Amino acid sequence: QVQLVESGGGLVQPGGSLRLSCAASGFTFSNYAMSWYRQAPGKERELVARLPTVGGSTNYADSVKGRFTISRDNANKTVYLQMNSLKPEDTAVYYCNAWYRYLWHTYDYWGQGTQVTVSS
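Note that the structure is predicted; figures quoted are calculated from it, not measured. (Residues numbered from 1 in each chain as written. Predicted model: local features only at pLDDT ≥ 70, side-chain atom pairs only at ≥ 80, totals over all residues. Heavy atoms only, no water.)

**Considerations on the state of the cysteines**
Considering all chains together, one arrives at one disulfide under this definition. The residue that forms a disulfide with C22 is C96, at a sulfur-sulfur distance of 2.1 Å. The disulfide joining C22 to C96 has a torsion of about -80° about its S-S bond and is therefore left-handed. Of this pair, C22 sits in strand β3 (residues 18–25) while C96 is found in strand β9 (residues 92–102), placing the two residues 74 residues apart along the sequence. On the basis of relative accessible area, C96 is assigned to the buried category, the value being 0%. (Disulfide = S-S within 2.5 Å. Helix = DSSP H or I, 4+ residues; strand = E, 2+ residues; numbered from the N terminus. Buried < 20%, exposed > 50% of the residue type's maximum accessible area, 1.4 Å probe, protein only.)

Here it is as structure tokens:
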């Protein structure tokens, strides 16, 4: 079955770094656009970064541009989010998303989330 398993979250001080990983299985990973979303307490889930399949452009939320980098390893079916210069406002649960549209079918999968807390 389809699985997206995030890891790498934790507690980090402001200015620190974390790298999140999302291991995928159960679908053709290379066909899917991969994204990271986050949801802070009391707020709506928001897109952090999106990495399409070949030929597309990477998108970042304005709040993370220049600090976060999304990347993918199709051979190992994993997507990463490198987060540098972390700020307290980056505190949230981070979710991995896989998305693919073929004809009239949309395939949209989510991981269970990993907590990132930025605090001194």
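**Description of the packing of aromatic side chains**
Counting across every chain of the model gives eight aromatic pairs. Look at F27 and F29: their rings are 6.5 Å apart centre to centre, the planes differ by 40°, and that puts the pair in the tilted class. Take F27 and F29: they sit in the same class, and that class is buried. The rings of F27, F29, Y32, Y100, Y102, Y107 and Y109 are connected pair by pair, giving a single aromatic cluster. Across from the ring centre of Y95, 3.8 Å away, lies the NZ or CZ of R45, which sits over that ring. The residue whose ring lies beneath R45 is W110, and the NZ or CZ to ring-centre distance is 4.7 Å. (Phe/Tyr/Trp six-rings, centres within 6.5 Å; stacked < 30°, edge-to-face > 60°. Lys NZ or Arg CZ within 6 Å of the ring centre and 35° of its normal.)

**Observations concerning the nonpolar core**
Proteins that are soluble and globular tend to have nonpolar side chains buried together. In terms of nonpolar packing, the biggest core is built from 29 residues, with W36, L81, M83 and Y94 touching the most fellow members. Secondary-structure elements contributing two or more residues to this core are β3, β4 (33–39), β5 (46–51), β7 (68–73), β8 (78–83), β9 and β11 (114–118). With sequence-adjacent residues up to four places away left out, Y94 is seen in contact with E6, L20, W36, Y37, R38, V48, F68, L81, M83, G113, T114 and V116. (Core = buried A, V, L, I, M, F, W, Y, C linked by side-chain atoms within 4.5 Å. Contact = heavy atoms within 4.5 Å.)

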